[in-house]
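The chain contents come next:
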Amino acid sequence: MFSHVYVGTNDFARAVAFYTPIMEILGNRLRFSDPQKPWAGWQPRNGGRPLFLLGTPFDGEPAQSGNGQMIAFLAPDRASVDSIHALALASGGRCEGPPGFRPHYHAHYYGAYFRDPDGNKICVCNHDAPALPA
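Rules behind the numbers
- Residues numbered from 1 in each chain as written.
- Predicted model: local features only at pLDDT ≥ 70, side-chain atom pairs only at ≥ 80, totals over all residues.
- Heavy atoms only, no water.
- Helix = DSSP H or I, 4+ residues; strand = E, 2+ residues; numbered from the N terminus.
- Buried < 20%, exposed > 50% of the residue type's maximum accessible area, 1.4 Å probe, protein only.
- Areas by Shrake-Rupley, 256 points an atom, 1.4 Å probe, with all protein chains shown as cover.
- Lys, Arg positive; Asp, Glu negative; His and termini not counted.
- Charge placed at Lys NZ, Arg CZ, Asp CG, Glu CD.
- Pairing = 2+ DSSP bridges.
- Axes fitted to C-alpha atoms, helices over the stretch in contact; angles between N-to-C directions.
- Contact = heavy atoms within 4.5 Å.
- Core = buried A, V, L, I, M, F, W, Y, C linked by side-chain atoms within 4.5 Å.

Student: Tell me about the overall build of the protein, and please be specific about residues and values.
Tutor: If you tally the helices and strands in the protein, you get 2 helices and 8 strands. When its C-alpha atoms are laid out on the principal axes, the protein stretches across 50 × 30 × 30 Å. When burial is assessed residue by residue, the protein has 39% of its 134 residues classed as buried. Surface accessibility of the protein: about 7600 Å² in total, with carbon and sulfur atoms responsible for 55%. One finds the centroid of the 11 positive side-chain charges in the protein at a distance of 5 Å from the centroid of its 11 negative side-chain charges.

Structure, rendered in structure tokens:
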């Protein structure tokens, strides 16, 4: 559905430091980083798309977060949701909803919400049903 998502930042080094460990937990690898532009992009470990791009706005104006916009990353499991939320808060993010079930979305939806240091709203979630005992 998506080719790429671009998130604006006013402090490239801070934003890269914030998102790099999150992308690692999600299983995404750094495809490129060019501090001179500045911009960076991550992609799924096996390549391809979508890309998550981070950089300063192309128009040269300050980056601003939107009200009503959110990017939701699919986490491999609930433990990853917990880890990423804790990491985000420890790295300068702001909580917008702690990890937990959101049954009003569906029975197995487990997610957490935070704002990055630039104010962009981010979600990490997992949709999997619990594994059945062996």
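Student: Go over the pairing of strand E2 (residues 28-34), please, and point to the residues and values.
Tutor: In terms of strand pairing, E2 meets strand E3 (residues 39-44) through 6 bridges, oriented antiparallel. Paired with Asp34 across the two strands is Trp39, which belongs to E3. The hairpin turn running from E2 into E3, its antiparallel successor, is 4 residues long.

Student: For the pairing of E3, give the residues involved together with the corresponding values.
Tutor: Successive side chains on a regular strand alternate, one facing one side of the sheet and the next facing the other. Across 4 bridges, E3 lies against strand E4 (residues 51-55) in antiparallel orientation. Across the sheet, Trp39 pairs through a bridge with Gly55, a residue of E4. Here E3 folds back onto E4 in antiparallel fashion, the turn holding 6 residues, of which Gly47 has a positive phi close to 90 degrees.

Student: Can you break down the sheet that holds strand E7 (residues 110-115) residue by residue, with the values?
Tutor: Pairing is mixed across the open sheet formed by 4 strands, whose spatial order is E5-E8-E7-E6. Because the sheet does not close on itself, it has two edges, and the strands there are strand E5 (71-74) and strand E6 (94-101). This sheet shows a mean twist of 15 degrees between the axes of neighbouring strands, independent of strand direction. Alignment of E5 against strand E8 (residues 121-126), held across 4 bridges, turns out to be parallel. In the strand pairing of E8, Ala72 is matched with Cys123. With respect to the sheet, helix H1 (residues 12-26) is in contact with E5, E7 and E8, its orientation differing from that of E5 by roughly 40 degrees.

Student: Mind laying out the nonpolar core, listing which residues take part and the relevant values?
Tutor: What tends to happen in soluble globular proteins is that the nonpolar side chains get buried as a cluster. Counting 24 residues, the largest nonpolar core has Tyr19, Ile22, Met23, Phe52 and Phe73 as the members making the most contacts within it. The biggest single contributor to this core is H1, with 8 residues. Filtering out sequence-adjacent residues up to four positions away, Phe52 remains in contact with Val5, Val7, Tyr19, Met23, Ala40, Gly41, Trp42, Ile71 and Phe73.

Student: Can you break down unusual backbone geometry residue by residue, with the values?
Tutor: It is generally the case that most residues other than glycine have a negative phi and that most peptide bonds are trans. Cis rather than trans, the peptide bond between Lys37 and Pro38 has omega equal to -20 degrees. Residue position: Pro38 is located in the loop between E2 and E3.

Student: Could you give me a rundown of the side chain of Asn28, with the residues and numbers involved?
Tutor: Inspection of the secondary structure assignment puts Asn28 in strand E2. In contact with Asn28, other than residues within four places in its own chain, are Met23, Trp42, Gln43, Pro44 and Arg45.

Student: Can you explain the environment of Arg29? Please cite residues and give values.
Tutor: Position of Arg29 relative to the elements: it lies in strand E2. Here Arg29 falls in the partly exposed class, since its relative accessible area comes to 35%. In this structure the C-alpha to C-alpha distance between Arg29 and Pro57, which are 28 residues apart in sequence, comes to 22 Å. Once residues lying within four places of it in the same chain are set aside, the contact partners of Arg29 are Gly41, Trp42, Gln43, Pro44, Arg45 and Gly47.

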